[in-house]
Amino acid sequence: MMQMTGAELIVRLLERQGIRTVAGIPGGAILPLYDALSGSDVIRHVLARHEQGAGFIAQGMARVSGHPEVCFASSGPGATNLVTAIADARLDSIPMVAITGQVPLSMIGTDAFQEVDIYGMTVPITKHNFLVRSAAELLEVVPQAFRIAMSGRPGPVLVDVPKDVQNQLVSFEAYPEPAVPDPAPGLDMAAIESAAKMIDAAERPVLYLGGGVVHSGASRLAVTLAEQAGLPTTMTLMALGTMPVDHPLSIGMLGMHAARYTNFILEESDLLICVGARFDDRAIGKAAQFCPNARIIHIDIDPAELHKIKTAHVAINGDVSAVLEALLPRVKQSLRKRWLAHVDSLKSRFPMTMPGCDDPRTHYGLVHAVAAALDDEAVIATDVGQHQMWVAQAYPFRRPRQWLTSGGLGTMGFGVPAAIGAALAEPDRTVVCFTGDGSFKMNIQELATLAEEGLNVKIVLMNNNSLGLVYQQQSLFYGKRVFASKYRGEPDFLKIAEGFGIAAVDLDSSPNPRAALAQALQSRGPCLIHASISREEFVYPMVPPGAANTEMIGG
Amino acid sequence: MIEQVAEPLQQQGFAKVVLELEVNNHPGVMSHICNLFARRAFNVEGILCMPMSDTSRSRIWLLVFEDQRLEQMVLQLEKLVDVRSVRRHGAEHEVFERLEKFFH
C-alpha cells in the first residue's frame, strides 16, 4: 500500500510516463505540485517567463519528439495565459498535457482570488479536459490525459487540479500502467483496393501530403508511394520536409503562397491522393474551385475530416502509416512519363522565382545563406508572418520534424519559445528560429529563459519594423490605405538581446554578412542575428483571401 | 476588398431528427456537447438528459434539424471522449412529443 499526496502522485505518474522536462511558472494554486516536483530526481523544470512561453516550449519539445510533453501553470491568469498555446496545439494536432492549479474545491464558483473556469474555457480548444475532484481520480485521469493526447489524431489535453486535491492524501495498491496510444482503427481493405485501382487508372494524379504524415511517421512510406506510382507530390505548410524539397517528384508547397506551377499542376490533376491533410483554406483556396477535375482519395485518422470540406470518392479512415503500408503492394509501378513531362514543363514555364537569393541581405538570400551554413540535422522554427512564408518557400527541408511552425492558428510569438522547446528536446541540434520584428516582440521575454538555459538557439530576426503581412494586404487589397501596420518607434534589438545576456550579430553593419552569419550559426549557444528587410518586399505569389488558387498575383 | 459573406443557414425548412447519446455521467459533459453545437452555429431545438439505471452513464436526447451539416455534427459528437455512442432516430421518435404537454 502506498500513500502520498495528490501532488506527489502527479509527479510520479509524469516520471513513469517518461516526462523528463516540464516548462511552467509557479503560483499560489499550483505550489503543492511545484513542491512535489522539487523532490523529483528525474524531471527537470524550465522556468518560462510567461505561461504562453511555457505552453510553446512544451509544444516545441512535442513537435520534434512526437511524444506528448507537459506544461504547468497556476490558476486564474496563469491558466488563461496558456490558452493561446493550447489552441495552437489543437489546430496543429500537437500532443500536449497542460496541468493547471485551481483554487480549492470548496472555493470553486465563489469568484475566489485567481479563480477562473479554465475547464469551461478550454472545452472548445482541447481534445479533452478534466477537472480533478479527488486525489484518487488522478490515478485514472493522468494516464487518460496522455492516452487521449497521443491517440489517433494527437492534440492537447488540460488537467485542472484544485489546490486541496494536490494536498489530499491518497492510498493505493499499485501505480497505473503508463498510457500507450489506442490501437489504430482497422483497415478498410475494400477501400484500399479501390484506391489502388484509382491510382493505377489515373492519368494526372497528384499526391497531397499533410501534417498527419509527420504525426504518423509515414514520410518514408509516402515517398515510396510517390516513387512507385510516379506521383508528383505537393505538401501543405505542416508537411514540409516529409518529401525532400529537391526530390525530383516534389512540386513543393501548395496554396496561398505556393509557386505558380504547383497550383497549376493541381488544377490539371485528375486524381488527388490526400494523405493526412484536411483541406485547409490557406492550402486549397476557394474549395469549390480546387482541383475541379480531380477525383479524391482521402486518407485520415480522424473520421470527421473525411468529406468535411471536399467530398472524397474513396475515403479511408486509418493511421496513414498503416494505410500506406497496405496500399503500397497494391499499386502498380508506373513511370508516368507523359504526366511528369507535362509537370516539368509547367515547372519551367511558371517557376518559383526568388529574386536576390544570392544576396544574404535580402529575405530569400538570408534564408538561403542560413541553409547553406547548416546541414539537415538543424531544426528550423519560425514565427508567423512574411518571414514564415519566405522560409516555407525557400528553405530546403529534407526531413520530417525539421520544421516547426504555427500553421493552423498562425500564432505570432510562437517561434522563440518553440525553438527553446526544440533545443531542450534535442540539445545536440542547432535550432534556428526565423522571426519578424512583430512576432518577436510577442514573446521576447523568453530570451531570459533562453539565456538561462544556454541553449543552442539562433534567432534570425528579419526586421522591417512593421506588421509585414498586414502591410502587404493593405497595400494589395485595401487601396494602399496603410493603417496601424507600421511601427513609429523602433527598438534596438541588439541592445535588447545583450540586455538579456544573449550575443547579437548585426548583418546590416557587417562587411561580410555571409561570413558573419555562418560564424554565428556555427558557434555554440544562443545568438540573435539581426537583418533589416525592406518593407516593400512582399510574399509572392499570393492567392487573395477567398480566391481560387489559380488566381495568384505576383511571383 | 469585399468578401462574400455566407448566408446564415435557414434550418427551419429542414426535417427534425432525434439524436440519442449515451454519455459518461459527470459534471461538464453537457457543456462539452452544448458547446460543440453552439460554436458551429447549429441550433439545438430540444435537450433532455437523465442518468441511466447504471448511474455512471446518462442518456441525452437532442432534437435537431437535419440540415447538410448534421453528418459532420454527428462525427464531431462521436469524437468527444465522454460520448459513448450516438444513435440517430427520425422525427417519428416520440420522446419529445410526449414531453410537449409540459411546455404548451
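Chain B carries the name acetolactate synthase in an unreviewed UniProt entry, which gives Aromatoleum petrolei as its organism. Comment text from UniProt for chain B, heading Subunit (unreviewed entry), reads "Dimer of large and small chains."

The name an unreviewed UniProt entry assigns to chain A is Acetolactate synthase, from the organism Aromatoleum petrolei. In its Sequence similarities (unreviewed entry) section, UniProt records this for chain A: "Belongs to the TPP enzyme family."

A. Structural context of the overall build of chain A. Regarding its fold elements, chain A presents 22 helices and 20 strands. A globule of 555 residues ought to have a C-alpha radius of gyration of about 24 Å, and chain A, at 24 Å, matches this closely. Projecting the C-alpha coordinates of chain A onto the three principal axes gives extents of approximately 70 × 65 × 45 Å. Here chain A holds 555 residues, and the buried ones make up 60% of them. If you take every contact in chain A between residues at least 6 apart in sequence, the share linking residues at least 24 apart comes to 75%. With the model as given, the accessible surface of chain A reaches about 20,100 Å², and the carbon-plus-sulfur share is 53%. Here chain A contributes 44 positively and 55 negatively charged side chains, and the mean placements of these two sets differ by 7 Å.

B. Molecular detail of the sheet that holds strand β2 (residues 44–51) of chain B. Residues and elements named next belong to chain B. One open sheet holds the 4 strands; their spatial order is β2-β3-β1-β4, and the pairing between them is antiparallel. On the outer flanks of this sheet lie β2 and β4 (83–89), each paired with one strand and no other. Between one strand axis and the next, the sheet turns by 15° as a mean value, whatever way the strands run. For strand β1 (residues 16–24) and strand β3 (residues 57–65), the ladder comprises 9 bridges, and the chain directions are antiparallel. Across the sheet, residue valine 18 finds its bridge partner in β3, namely leucine 63. Packed on one face of the sheet, helix α2 (residues 70–79) meets β1, β3 and β4 and runs near 155° to β4.

C. Just helix α4 (residues 77–91) of chain A, in detail. Residue and element names in this part refer to chain A. End to end, α4 covers 22 Å across 15 residues, agreeing with the expected 21 Å (1.5 Å per residue, within 8%). Along its length, α4 shows its largest kink, about 35°, at valine 83. Among the residues of α4, Gly78, Ala79, Leu82, Ala85, Ile86, Ala87, Asp88 and Ala89 are the ones counted as buried. Those residues of α4 hidden inside the fold are in contact with α3 (51–65), β4 (69–73), β5 (96–102), α5 (118–122) and β7 (156–162). Within two residues after α4, serine 93 carries a phi angle of roughly 55°, on the positive side.

D. The arrangement of the sheet that holds strand β17 (residues 431–436) of chain A in detail. All names here are of chain A. Strand order in the open sheet formed by 6 strands is β16-β15-β17-β18-β20-β19, and the pairing between neighbours is parallel. At either margin of the open sheet sits one strand with a lone partner, and together these are β16 (403–404) and β19 (503–506). Where helix α22 (residues 513–522) meets the sheet, its contacts fall on β17, β18 (457–463), β19 and β20 (527–532), and the angle it forms with β20 comes to roughly 155°.

E. Fine view of the UniProt feature "domain: Thiamine pyrophosphate enzyme central" (unreviewed entry) in chain A. Sequence positions flagged by UniProt for "domain: Thiamine pyrophosphate enzyme central" (unreviewed entry) are, in local numbering, residues 192–327 of chain A. Here residues 192–327 of chain A is 35% helix and 20% strand, with 6 Å between the C-alpha atoms at its ends.

F. Spotlight on the confidence of the model for chain B. Residues and elements named next belong to chain B. The predicted model of chain B averages 88 in pLDDT, with 88% of residues at 70 or higher. Here helix α3 (residues 95–99) stands out as the least confident element of chain B, with mean pLDDT 88; β4 is the most confident, with 96. The complex model carries a pTM of 0.96, and its ipTM stands at 0.89.

G. Molecular detail of the interface of chain B and chain A. Counting residues at the interface gives 15 residues for chain B and 17 residues for chain A. Between chain B and chain A, roughly 1,400 Å² of surface is buried when both sides are summed, and carbon and sulfur atoms account for 57% of that area. One salt bridge connects lysine 79 of chain B with aspartate 302 of chain A, and the closest N-O pair in it is separated by 2.5 Å. Where the side of chain B that touches chain A is concerned, the elements lending two or more residues are α1 (29–39) and α2 of chain B.

H. Structural context of the UniProt feature "domain: Thiamine pyrophosphate enzyme TPP-binding" (unreviewed entry) in chain A. Within this structure's numbering, the places UniProt gives as "domain: Thiamine pyrophosphate enzyme TPP-binding" (unreviewed entry) are residues 383–530 of chain A. What you have in residues 383–530 of chain A is 41% helix and 16% strand, and the ends, taken at the C-alpha atoms, are 15 Å apart.

I. Summary view of the nonpolar core. Residues and elements named next belong to chain A. If you look at the biggest cluster of nonpolar residues, it comprises 73 residues, and the most contacted ones within it are Ile297, Tyr395 and Phe434. Tallying contributions element by element places helix α15 (residues 363–373) first for this core, with 7 residues. Not counting the four nearest positions on each side in its chain, isoleucine 297 is found in contact with Ala195, Met198, Ile199, Leu271, Leu272, Ile273, Cys274, Val314 and Ile316. Formed by 47 residues, the second largest nonpolar core is a distinct cluster that contains Ala79, Ile86, Leu447 and Leu528.

J. Summary view of the pairing of β1 of chain B. Residues and elements named next belong to chain B. Burial analysis of β1 places 8 of its 9 residues in the buried class, which makes it a mostly covered element. The pairing of β1 with β4 spans 6 bridges and is antiparallel. The partner of glutamate 20 across the bridge, within β4, is arginine 87.

K. View of the packing of aromatic side chains. All names here are of chain A. What the rule picks out here adds up to 13 aromatic pairs over all chains. On the numbers, 5.7 Å between centres and 45° between planes, the contact of phenylalanine 440 with phenylalanine 493 is tilted. Of the two residues, phenylalanine 440 is situated in helix α18 (residues 437–440) and phenylalanine 493 in helix α21 (residues 493–500); the sequence distance between them amounts to 53 residues. Through a chain of ring-to-ring contacts, three or more aromatic side chains come together here, namely Tyr208, Phe279 and Phe290. Taking the ring centre of tyrosine 487 as reference, the NZ or CZ of lysine 441 above it sits at 3.6 Å. Note that arginine 535 overlies the ring of tyrosine 471, its terminal NZ or CZ placed 5.9 Å from the centroid.

Conventions adopted
- Residues numbered from 1 in each chain as written.
- Chains lettered and ligands numbered in written order.
- Predicted model: local features only at pLDDT ≥ 70, side-chain atom pairs only at ≥ 80, totals over all residues.
- Heavy atoms only, no water.
- UniProt positions renumbered as here; feature names shortened; annotations may be inferred.
- Helix = DSSP H or I, 4+ residues; strand = E, 2+ residues; numbered from the N terminus.
- Rg over C-alpha atoms; globule rule 2.2 N^0.38 Å.
- Buried < 20%, exposed > 50% of the residue type's maximum accessible area, 1.4 Å probe, protein only.
- Contact = heavy atoms within 4.5 Å.
- Areas by Shrake-Rupley, 256 points an atom, 1.4 Å probe, with all protein chains shown as cover.
- Lys, Arg positive; Asp, Glu negative; His and termini not counted.
- Charge placed at Lys NZ, Arg CZ, Asp CG, Glu CD.
- Pairing = 2+ DSSP bridges.
- Axes fitted to C-alpha atoms, helices over the stretch in contact; angles between N-to-C directions.
- Expected span 1.5 Å × (residues − 1).
- Bend = angle between axes of the 7 residues up to and from the residue.
- pLDDT = per-residue confidence, 0-100.
- Buried area = accessible area lost by both parts, 1.4 Å probe.
- Salt bridge = Lys/Arg side-chain N within 4 Å of Asp/Glu carboxyl O.
- Core = buried A, V, L, I, M, F, W, Y, C linked by side-chain atoms within 4.5 Å.
- Phe/Tyr/Trp six-rings, centres within 6.5 Å; stacked < 30°, edge-to-face > 60°.
- Lys NZ or Arg CZ within 6 Å of the ring centre and 35° of its normal.

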